[in-house]
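Listed below, chain by chain, are the residues.
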Amino acid sequence: MSPKRMPTPVEIGSVTDKTLTLVWSDGHRSTYSWPSLRIHCPCARCKDGVGQIPPTIRAMSMGRVGAYALRFVWSDGHDTGIYPFPLLRFELCECGEHGREREIS
Amino acid sequence: MVTRDQVLDALRDVEDPELHKSIVELDMVRDIGIQDGRIKVDALLTISGCPLRETIVESIRTKVGAIPGVHEVEVNLGVMSQDQRQALIGKLHGGQASPRGRSSFLTPETPTRIIAVASGKGGVGKSTVTVNIAAAIAQRGHKVGIIDADVYGFSIPKMLGVHGRPTLIDQMIIPLEAHGIRVISIGFLLPDEDQAVIWRGPMLHKTLTTFIGEVHWGEDLEYLLLDLPPGTGDVSLTIAQTLPQSYMLLVTTPQEAAAQVARRAAKMAEKVNMEVIGVIENMSYYRPAPDASAVYIFGQGGGAALAKELEVPLLAQIPLDTPIREGSDQGIPVVLSAPDSPAAKAFRQAADLLLAALPVPARG
Ligand SMILES: Nc1ncnc2c1ncn2[C@@H]1O[C@H](COP(=O)(O)OP(=O)(O)O)[C@@H](O)[C@H]1O
Ligand SMILES: [Mg+2]
Ligand SMILES: [Zn+2]
Ligand SMILES: [Zn+2]
């Protein structure tokens, strides 16, 4: 009914995967490196910088928040970031196409 | 000759009035004795001093008494042991007694349609709309519940005339019931209903998630309405973060200013991926006499403009009407107290449009 539906993940990879893969309701297939996801944590505490993030950082668990976001519990204990689907789909995606776009700009 | 199976079959139709489940399924029937036409049924209640024990006894008598050949029914009630209650809790949480698996709104597959009733500001009639839509949905034969999530200004208990304390079975809260509507409100849990509620964030969050996750709504619940506080504060956010799927119903008055703030609620819905299912305009007009022409006390067109902008239907325009206020003061929604009034008709129209937009899977 609402004209502009938010893209939602129809497939969510596992925290045991090397990189996270999300397949979206619009068909797009996104990939993310774990350190990059952690660095871009949108929570209030991380907005001013996250400090040193070890390249070995991993999510220990993840889950949906309501109908609009994912949340991760990181191996450094951090867990306050709520990642809205539009952020993941349109800003943080590192698939072949989008990852390169951002490197250039 | 009456058989044990006949008696069991008859008892299957006896529901625990609070848990809405057959007492056979709940393992509350302990023993059946048959001596010609004299039947003895031993059953266990969840708690001693169950206020509804008479209802259960009566219901057992009627059902078993209807079996041909039965001329006397004796009912003995006992109380469950701690272990038996534990087993019951297991079933309520989705053991073998739960055909649909885990009964919870916390899974995206839940068949229950959840509708959050929101407004930009207070006093526009959000709670009035909630109870009347619920009453109209119940009248259509659907199982419906209300979570009074307006923790600062709860009014649902008064509007439905329901007071008292919900039964607690271990960790599960059994909702109260009024006019066929299952209800939970912070008003039931406070020592004194008039007591002001001063909430700190974490407590508020916990209370709301308890209302959603730890109330035994019954897995036959088809519609759950949430009366949100006005505006777009913590409560709305908690709900958006807790429910995997829900819809928003916006209530506004015809004033441009009211519609303007209602827009903010719609914006928030969009952010958290909650679909706005429609707009109800309340206090749309006043008719001093049935054949008089309408007076637009609060102006005109706010609801329609909002609906158009959001590309959702305007579900109804509810007139200003004294029976509405009288009804809510007496604890009876106008849909029930004055079913033929224009206001009741408008509420029913809105409810029917909602039911059509959000059908529930056929019950089997
Ligand atoms: N259409 C109406 N006609 C007459 N009185 C109404 C109408 N809608 C609401 N009221 C009354 O206005 C007051 C505020 O309504 P309420 O539902 O409590 O608003 P909210 O929940 O938005 O704060 C209540 O006393 C209610 O009975
Ligand atoms: Mg209210
Ligand atoms: Zn963070
Ligand atoms: Zn991409």
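Here, the structure is the one placed above.
A quick note: this is a predicted structure, and the numbers were derived from the prediction, not measured. (Residues numbered from 1 in each chain as written. Chains lettered and ligands numbered in written order. Predicted model: local features only at pLDDT ≥ 70, side-chain atom pairs only at ≥ 80, totals over all residues. Heavy atoms only, no water.)

A.B. asks: Honestly, the overall build of chain B in this entry has me stumped. Any pointers?
C.D. replies: If you tally the helices and strands in chain B, you get 12 helices and 15 strands. Projected onto its principal axes, the C-alpha coordinates of chain B cover approximately 75 × 50 × 40 Å. Taken over 364 residues, chain B has a buried fraction of 54%. Considering only contacts in chain B between residues 6 or more positions apart, those separated by 24 or more positions represent 74%. When the accessible surface of chain B is split by element, carbon and sulfur atoms take 51% of a total near 15,800 Å². Charge separation in chain B, taken as the distance between the mean sites of 33 positive and 42 negative side-chain charges, equals 3 Å. (Helix = DSSP H or I, 4+ residues; strand = E, 2+ residues; numbered from the N terminus. Buried < 20%, exposed > 50% of the residue type's maximum accessible area, 1.4 Å probe, protein only. Contact = heavy atoms within 4.5 Å. Areas by Shrake-Rupley, 256 points an atom, 1.4 Å probe, with all protein chains shown as cover. Lys, Arg positive; Asp, Glu negative; His and termini not counted. Charge placed at Lys NZ, Arg CZ, Asp CG, Glu CD.)

A.B. asks: Mind showing me how you'd approach the overall build of chain A here?
C.D. replies: Across its full length, chain A carries 3 helices and 6 strands. Counting helices and strands in the order they occur from the N terminus, chain A gives β-β-β-α-β-β-β-α-α. Taken over C-alpha atoms, the radius of gyration comes to 14 Å for chain A, in line with the 13 Å a tight globule of 105 residues would show. Each of the three principal axes of chain A carries a C-alpha extent, and together these read 45 × 35 × 30 Å. Treating the 13 positive side-chain charges of chain A as one cloud and the 11 negative ones as another, the clouds have centres 4 Å apart. (Rg over C-alpha atoms; globule rule 2.2 N^0.38 Å.)

A.B. asks: Explain the coordination of the zinc ion (ligand 3) here, please?
C.D. replies: Around a metal, the ideal angle is 109.5 degrees if four donors adopt a tetrahedral arrangement and 90 or 180 degrees if six donors adopt an octahedral arrangement. Residues and elements named next belong to chain A. Of the protein atoms, only Cys41 (SG), Cys43 (SG), Cys46 (SG) and His78 (NE2) coordinate the zinc ion (ligand 3), at distances of 2.1 to 2.3 Å. Of note is the zinc ion (ligand 3), whose 4 donor atoms meet at the metal with angles of 98 to 116° in an arrangement that counts as tetrahedral. In primary sequence terms, the donor set of the zinc ion (ligand 3) follows C-x1-C-x2-C-x31-H. For Cys43, a relative accessible area of 7% gives the class buried. (Donors = N, O, S within 2.8 Å, 3.2 Å for Na, K, Ca; no water. Tetrahedral: all angles 85-135°; square planar, octahedral: opposite > 155°, others 65-115°.)

A.B. asks: Could you clarify how one ought to interpret the nonpolar core in this entry?
C.D. replies: Soluble, globular proteins show a tendency: their nonpolar side chains are buried together. Grouped together as the largest cluster of nonpolar side chains are 112 residues, with contacts concentrated most on Leu37 and Leu88 of chain A together with Ile133 and Leu250 of chain B. Discounting chain neighbours no more than four positions away, the residues touching Leu88 of chain A are Leu22, Trp24, Tyr32, Leu37, Leu70, Tyr83 and Cys93 of chain A. Listed in part, the 33 residues of the second largest apolar core include Val29, Ile67, Val73 and Ile169 of chain B. (Core = buried A, V, L, I, M, F, W, Y, C linked by side-chain atoms within 4.5 Å.)

A.B. asks: Even after reading the chapter, I still don't get the side chain of Arg113 of chain B, so can you show me in this structure?
C.D. replies: All names here are of chain B. Note that Arg113 resides in strand β6 (residues 113-119). Buried charge without a partner: Arg113 forms no salt bridge, and the closest opposite charge is Glu222, 9.2 Å away. Among the polar contacts listed, one links the side chain of Arg113 to the backbone oxygen of Pro359, at a separation of 3.0 Å. (Salt bridge = Lys/Arg side-chain N within 4 Å of Asp/Glu carboxyl O. Polar contact = N/O pair within 3.5 Å; in protein donor to acceptor, adjacent residues only side chain to side chain.)

A.B. asks: Just checking my understanding: could you explain the environment of Ala116 of chain B for this structure?
C.D. replies: Residues and elements named next belong to chain B. The topology assignment puts Ala116 in strand β6. Residue classification places Ala116 among the buried positions, given a relative accessible area of 0%. For the pair Ala116 and Thr167, spaced 51 residues apart in sequence, the C-alpha separation works out to 25 Å. Setting aside chain neighbours within four positions, we find Ala116 in contact with Leu226, Leu228, Tyr247, Met248, Leu249 and Met274.

A.B. asks: Help me understand the sheet that holds strand β5 (residues 69-74) of chain A, please; the structure alone is not making it clear to me.
C.D. replies: Each strand in a sheet pairs with another by means of backbone hydrogen bonds, the pair being arranged parallel or else antiparallel. All names here are of chain A. Taken in spatial order, the 3 strands make up an open sheet running β4-β5-β6, and their pairing is antiparallel. The open sheet has two edge strands, β4 (59-65) and β6 (82-84), and neither has a second partner. With direction set aside, neighbouring strand axes in the sheet form an average angle of 25°. (Pairing = 2+ DSSP bridges. Axes fitted to C-alpha atoms, helices over the stretch in contact; angles between N-to-C directions.)

A.B. asks: Mind showing me how you'd approach the interface of chain B and chain A here?
C.D. replies: How big an interface is tends to be reported as the loss of accessible area on association of its parts. Each side of the interface is counted separately: chain B has 14 residues, and chain A has 12 residues. Interface of chain B and chain A: buried area, both sides summed, is about 1,200 Å²; carbon and sulfur atoms make up 53% of it. Of all residues in chain B, Gln241, Asn273 and Glu275 of chain B give up the largest surface area on contact with chain A, accounting jointly for 45% of the area buried on that side. Summed over the shared surface of chain B and chain A, the result is 1 salt bridge. Here Arg5 of chain A ties to Glu275 of chain B by a salt bridge, and the two come within 3.7 Å at their closest N and O atoms. At the junction of chain B with chain A, the criterion picks out 3 residue pairs in polar contact (both at pLDDT 80 or more). Residue assignment for the side of chain B that touches chain A shows that the elements contributing at least two residues are α7 (234-242), α8 (256-271) and β14 (275-286) of chain B. The biggest single contributor to the side of chain B that touches chain A is α7 of chain B, with 3 residues. In terms of residue class, the side of chain B that touches chain A is made up of 8 nonpolar, 2 polar and 4 charged. (Buried area = accessible area lost by both parts, 1.4 Å probe. Nonpolar A, V, L, I, M, F, W, Y, C, P; charged D, E, K, R; others polar.)

A.B. asks: What exactly am I supposed to notice about the coordination of the zinc ion (ligand 4) here?
C.D. replies: Residue and element names in this part refer to chain A. Around the zinc ion (ligand 4), the protein supplies His28 (NE2), Cys93 (SG), Cys95 (SG) and His98 (ND1) as donor atoms, at distances of 1.9 to 2.3 Å. Every donor counted, the 4 donor atoms about the zinc ion (ligand 4) form angles of 100 to 122° at the centre, which fits tetrahedral coordination. In the primary structure, the donors to the zinc ion (ligand 4) are separated according to the pattern H-x64-C-x1-C-x2-H. With His28 in the loop between β2 (20-24) and β3 (29-32) and His98 in helix α3 (residues 96-104), this pair connects stretches of sequence that are 70 residues apart. Residue class for His28 comes out buried when judged on its relative accessible area of 14%.

A.B. asks: Help me understand the side chain of Ser341 of chain B, please; the structure alone is not making it clear to me.
C.D. replies: Residue and element names in this part refer to chain B. Among the secondary structure elements, Ser341 is positioned in the loop between α11 (334-337) and α12 (342-357). Separated by 2.8 Å, the side chain of Ser341 and the backbone oxygen of Ala338 make a polar contact. In this structure Ser341 touches Asp321 and Val334, once residues within four positions along its chain are discounted.

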